[in-house]
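Spelled out, the chains give:
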Amino acid sequence: AQSVAQPEDQVNVAEGNPLTVKCTYSVSGNPYLFWYVQYPNRGLQFLLKYITGDNLVKGSYGFEAEFNKSQTSFHLKKPSALVSDSALYFCAVRDPNTGGFKTIFGAGTRLFVKA
Amino acid sequence: NAGVTQTPKFRVLKTGQSMTLLCAQDMNHEYMYWYRQDPGMGLRLIHYSVGEGTTAKGEVPDGYNVSRLKKQNFLLGLESAAPSQTSVYFCATSVGGFGQPQHFGDGTRLSIL
């Protein structure tokens with residue numbers, strides 16, 4: 001069965017420091033992987049995705065993510081955190097073997113960036 | 001360009017009442033989805049549609065019905081509201097499946113007393 005795990009409920013980082021938000025997944029085939037961000041009282045916004053190719057993908061607002069097939073991970077990273085990055089982050093996966101349109105979301109990780 | 005618009009934004013219902021949530025999109029996307037978001041559980045798929053006139057069950061469909069009579073609208077109905085349906089409901093759209101990202105509305109906050 002498909003699943004997504006975000007092992008940290010909250011990540012705290014100081015402004016200017018690098019940040020990492022962790023995600024591991026379990027699917028039967030080659031996954032389509034996504035990161036979304038949610039600000040208070042708003043819907044989710046797409047940040048970046050991995051389909052195939054280069055294991056390091058770049059997305060919006062300076063975020064990037066590294067796909068590691070052997071560790072089944074897709075960690076979100078940013079070299080220098082901003083206070084405005086404080087939000088709820090969701091990792092998501094689609095398994096092409098199940099039609100490719102059902103998305104499984106992780107439980108979310110709250111990022112808090114301190115000035 | 002409004003994107004995905006959900007109405008209403010807030011609603012309080014009594015147990016047993018019924019209501020319909022409306023999702024409207026102006027992006028001409030084929031796929032539309034209804035999710036519920038509960039604390040610590042991420043988003044769970046209720047129903048989805050891969051085109052006008054088609055609907056299918058998702059992960060947690062019990063107690064909900066949907067219709068997609070027009071391509072731009074996707075309606076979610078609660079037949080007889082229960083306190084367990086207190087949640088934030090999100091509509092999303094996508095051009096297609098697989099690698100296409102989803103576009104979300106800002107949600108409907110629903111409380112069932």
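Placed above this text is the structure.
Notes on the structure follow. Because the structure is predicted, anything quoted here is derived from the model rather than measured.

Basis of the calculations
Residues numbered from 1 in each chain as written. Chains lettered and ligands numbered in written order. Predicted model: local features only at pLDDT ≥ 70, side-chain atom pairs only at ≥ 80, totals over all residues. Heavy atoms only, no water. Helix = DSSP H or I, 4+ residues; strand = E, 2+ residues; numbered from the N terminus. Rg over C-alpha atoms; globule rule 2.2 N^0.38 Å. Buried < 20%, exposed > 50% of the residue type's maximum accessible area, 1.4 Å probe, protein only. Areas by Shrake-Rupley, 256 points an atom, 1.4 Å probe, with all protein chains shown as cover. Lys, Arg positive; Asp, Glu negative; His and termini not counted. Charge placed at Lys NZ, Arg CZ, Asp CG, Glu CD. Salt bridge = Lys/Arg side-chain N within 4 Å of Asp/Glu carboxyl O. Phe/Tyr/Trp six-rings, centres within 6.5 Å; stacked < 30°, edge-to-face > 60°. Disulfide = S-S within 2.5 Å. Contact = heavy atoms within 4.5 Å. Buried area = accessible area lost by both parts, 1.4 Å probe. Polar contact = N/O pair within 3.5 Å; in protein donor to acceptor, adjacent residues only side chain to side chain. Pairing = 2+ DSSP bridges.

Let's shift gears to the overall build of chain A. Scanning chain A from N- to C-terminus turns up 0 helices and 12 strands. Expected size for 115 residues packed as a compact globule is a radius of gyration near 13 Å; at 14 Å, chain A falls within 12% of this value. Within chain A, buried positions represent 46% of all 115 residues. For chain A, the accessible surface area stands at approximately 5400 Å², while carbon and sulfur atoms represent 49% of it. Looking at chain A, you have 11 positive and 8 negative side-chain charges, and the mean spots of the two groups are 5 Å apart.

What follows deals with the pattern of salt bridges. According to the stated counting rule, one finds 7 salt bridges over all chains in the structure shown. The shortest N-O distance in the salt bridge between E66 of chain A and K77 of chain A comes to 3.1 Å. Taken together, the residues E66 of chain A in strand 8 (residues 64-68) and K77 of chain A in strand 9 (residues 73-78) connect sequence positions 11 residues apart. The partner of K71 of chain B in a salt bridge is E30 of chain B, with the nearest N and O atoms 2.9 Å apart. Residue K71 of chain B is found in the loop between strand 7 (64-67) and strand 8 (73-78), and its partner E30 of chain B is found in the loop between strand 3 (19-25) and strand 4 (31-37); the two are separated by 41 residues along the sequence. If you follow the salt bridges from partner to partner, you end up with R36, D38 and R44 of chain B in one network.

Going through the model one piece at a time under the given rule, you end up with 14 aromatic pairs over all chains. Between Y50 of chain A and F67 of chain A, the aromatic rings sit 4.1 Å apart at their centres with planes inclined by 20°, giving stacked as the arrangement. With Y50 of chain A in strand 6 (residues 44-50) and F67 of chain A in strand 8, this residue pair connects regions lying 17 residues apart in the sequence. Each of the two residues, Y50 of chain A as well as F67 of chain A, counts as buried. The interplanar angle of 35° and the centroid separation of 5.9 Å between the aromatic rings of Y35 of chain B and F104 of chain B together place this pair among those described as tilted. Residue Y35 of chain B is located in strand 4, and its partner F104 of chain B is located in strand 10 (residues 103-104); the two are separated by 69 residues in the primary sequence. Of the two residues, Y35 of chain B and F104 of chain B, neither departs from the other in class, the shared state being buried.

Right, let's get into the state of the cysteines. In total, this model carries 2 disulfides over all chains according to the counting rule given. The residue that forms a disulfide with C23 of chain A is C91 of chain A, at a sulfur-sulfur distance of 2.0 Å. Its S-S torsion of approximately -65° makes the covalent link between C23 of chain A and C91 of chain A left-handed. Highlighted residues: C23 of chain A in the loop between strand 3 (19-21) and strand 4 (24-26) and C91 of chain A in strand 10 (residues 87-94), separated in sequence by 68 residues. For the residue pair C23 of chain A and C91 of chain A, the accessibility class agrees, reading buried in each case. The disulfide partner of C23 of chain B is C91 of chain B, and the gap between their sulfur atoms is 1.9 Å. Disulfide C23 of chain B-C91 of chain B: torsion about the S-S bond near -70°, hence left-handed.

A separate point is the interface of chain A and chain B. The interface is formed by 23 residues belonging to chain A together with 24 residues belonging to chain B. Its largest share of buried area at the contact with chain B, chain A owes to R94, F101 and F105 of chain A, together 28% of the area lost on that side. The interface formed by chain A and chain B holds 1 salt bridge in total. Linking D106 of chain B and R42 of chain A is a salt bridge whose minimum nitrogen-to-oxygen distance equals 3.0 Å. Our count for the chain A to chain B interface comes out at 9 residue pairs in polar contact (both at pLDDT 80 or more).

Here the focus is the pairing of strand 12 (residues 109-114) of chain A. Residues and elements named next belong to chain A. Only one face of strand 12 is covered, namely the face carrying T109, L111 and V113; the face carrying R110, F112 and K114 is uncovered. Here strand 2 (residues 10-14) runs beside strand 12; their pairing, made up of 5 bridges, is parallel. Paired with V13 across the bridge in strand 12 is V113. Pairing analysis gives 3 bridges linking strand 10 to strand 12, with the strands arranged antiparallel. In the strand pairing of strand 12, A87 is matched with L111.

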